[in-house]
Amino acid sequence: EITKEQKALTKVIVEAYNRHQIPQDVAKKLLQDQYSVEENFLLLTEMATSQVQVIVEFTKSIPGFLSLDHEDQIALLKGSAVEAMFLRSAQVFSKKMPNGHNGILEERIRKSGISEEFITPMFNFYKSIIGLHMSLEEQALLTAITILTPDRPYVKDHQAVEKLQEPMLDVLRKVCVLQHPQEPQYFARLLGRLTELRTLTHYHAEMLTSWRMNDHKFTPLLCEIWDVQ
Ligand SMILES: Cc1cccc(C)c1-c1noc(C(C)C)c1COc1ccc(-c2ccc3cc(C(=O)O)ncc3c2)cc1
C-alpha cells in the first residue's frame, strides 16, 4: 500500500518536524509570571518570531523546496507562515503539556489585545484540531502540505509547487487510512481544516491591523514575513 519512496518521504518530513522546535528556553518564558496585556503581547511576539525561524528551517528540509524559484520560496513562506503557526500552536494545546503550557498559552493569547471577534473562531479552530487527535506523521505532513500550497499570492510557477505537494497529499491520504481505519472520512476532515485555516489567515490580517493601530511593535522578521511597518 505505502511504497518505499512514500515511507522515505514521510520519514524525512517527520524528522524535520521533530528536529525544528522552539528552543525550550523560549518556550519556558511562557511560564514567567507577568500577565499584563503588554507582557503577553511581547511574549507572544517572541514566540511567533522563534516559531517563524523554526518554520523556515522545517520548510528548507522539505525535499525539492530549495530547488523552487527563489521568489516562489519566499511567496510560499509568507503565504503560509500564519497557517503553519496555527497548526503548530494547536499541537501545544493538544499535547497535555507536562509544565501546563497549554492553559498558559491560551490565557496569554486571550489577554494580548486580540478582539473577541477573532478569539472565538481562533479557539473553535484549536478545538477542532485537538478533536482530530492527529498523529505526528499527520501533523508533519499537513504542515508541509499547507506550506506547499500552489495558489498563494505572487507564486509564479504553480506547477512546480503542485509537483511537490501532490506526493505529500498521496502519502497523507494513505497514512490516514492506516491510522484511522474506522474513520474513512478522516483524510477529508483533515483537508477541511486547511480550508478553515484560510479564513483564520484573513482574521489574522485584521488582528495585525488592530494591534498596529494601538501602536504595538513587531520584530523585523515578523514585519518582513507579514508585510507590516
Ligand atoms: C495569536 C496567534 C495564534 C495563532 C497563530 C499566530 C501567528 C498568532 C499570533 N499572531 O501574532 C502573534 C504575536 C506577534 C503577538 C501571535 C503569536 O503566535 C504564536 C506562535 C507560536 C506559538 C508557539 C508555538 C510553539 C510552541 C511550542 C511549545 C513547546 O513545545 O513547549 N510551547 C509554546 C509554543 C508556542 C505561540 C504564539
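K.L.:
Where do I start with the overall build of the chain in this structure?
P.N.:
Along its length, the chain carries 10 helices and zero strands. Starting at the N terminus and walking to the C terminus, you meet the elements of the chain as α-α-α-α-α-α-α-α-α-α. Here the chain holds 229 residues, and 50% of them are scored as buried. Here the chain has roughly 11500 Å² of accessible surface; of this, 58% comes from carbon and sulfur atoms. Here the chain contributes 25 positively and 30 negatively charged side chains, and the mean placements of these two sets differ by 4 Å.

K.L.:
Can you walk me through helix α7 (residues 136–147) in this structure?
P.N.:
In an α-helix, one turn spans 3.6 residues; hence positions three or four apart end up facing the same way. Between its terminal C-alpha atoms α7 stretches 17 Å, which fits the 16 Å expected from 12 residues at 1.5 Å a residue. By the criterion of burial, α7 is predominantly enclosed, with 10 of the 12 residues buried. Of all the residues in α7, the buried ones are E138, Q139, A140, L141, L142, T143, A144, I145, T146 and I147.

K.L.:
Whenever I open this one, the environment of H20 confuses me. Can you help?
P.N.:
Turning to its location among the elements, H20 is positioned in the loop between α1 (4–19) and α2 (24–28). A polar contact of 3.4 Å, which involves the side chain of H20, links it to the side chain of S61.

K.L.:
In this structure, what is going on with the confidence of the model for the chain? I would like to understand it.
P.N.:
Interpreting fine coordinate detail is not advised for predicted regions of low pLDDT. Put simply, the chain has an average pLDDT of 94, and 97% of its residues get 70 or more. For this predicted complex, the interface confidence comes out at an ipTM of 0.96, alongside a pTM of 0.95.

Quick notes on the rules
- Starting afresh in each chain, residues are numbered from 1 along the sequence in its written order.
- Note on the predicted model: pLDDT of at least 70 is required for a residue's local features to be given, and 80 or more for side-chain atom pairs to be given and counted; whole-chain, interface and lining totals, by contrast, use all residues.
- For the side-chain quantities, the full set of heavy atoms in the structure was used; hydrogens and water were omitted.
- Runs of H or I in DSSP of at least four residues are treated as helices and runs of E of at least two as strands, each being numbered from the N terminus.
- The buried label goes to any residue with under 20% of its type's maximum accessible area, the exposed label to any with over 50%, and the partly exposed label to all in between, with areas taken from a 1.4 Å probe on protein chains only.
- Here the accessible surface of atoms and residues is derived via Shrake-Rupley with a 1.4 Å probe, and residues count as covered only by protein chains that are part of the display.
- Residues scored as positive are Lys and Arg, those scored as negative are Asp and Glu, and His as well as the terminal groups of each chain are ignored.
- Charge coordinates come from a single atom per side chain, which is NZ of Lys, CZ of Arg, CG of Asp or CD of Glu.
- For a helix, the expected span equals 1.5 Å multiplied by the number of residues minus one.
- For the purposes of these results, a polar contact is taken to be a pair of N or O atoms within 3.5 Å, where, inside protein, one atom must be able to donate a hydrogen and its partner to accept one; residues adjacent in sequence count only when each atom of the pair is a side-chain atom.
- Residue-level confidence of the predictor is what pLDDT reports, using numbers from 0 through 100.

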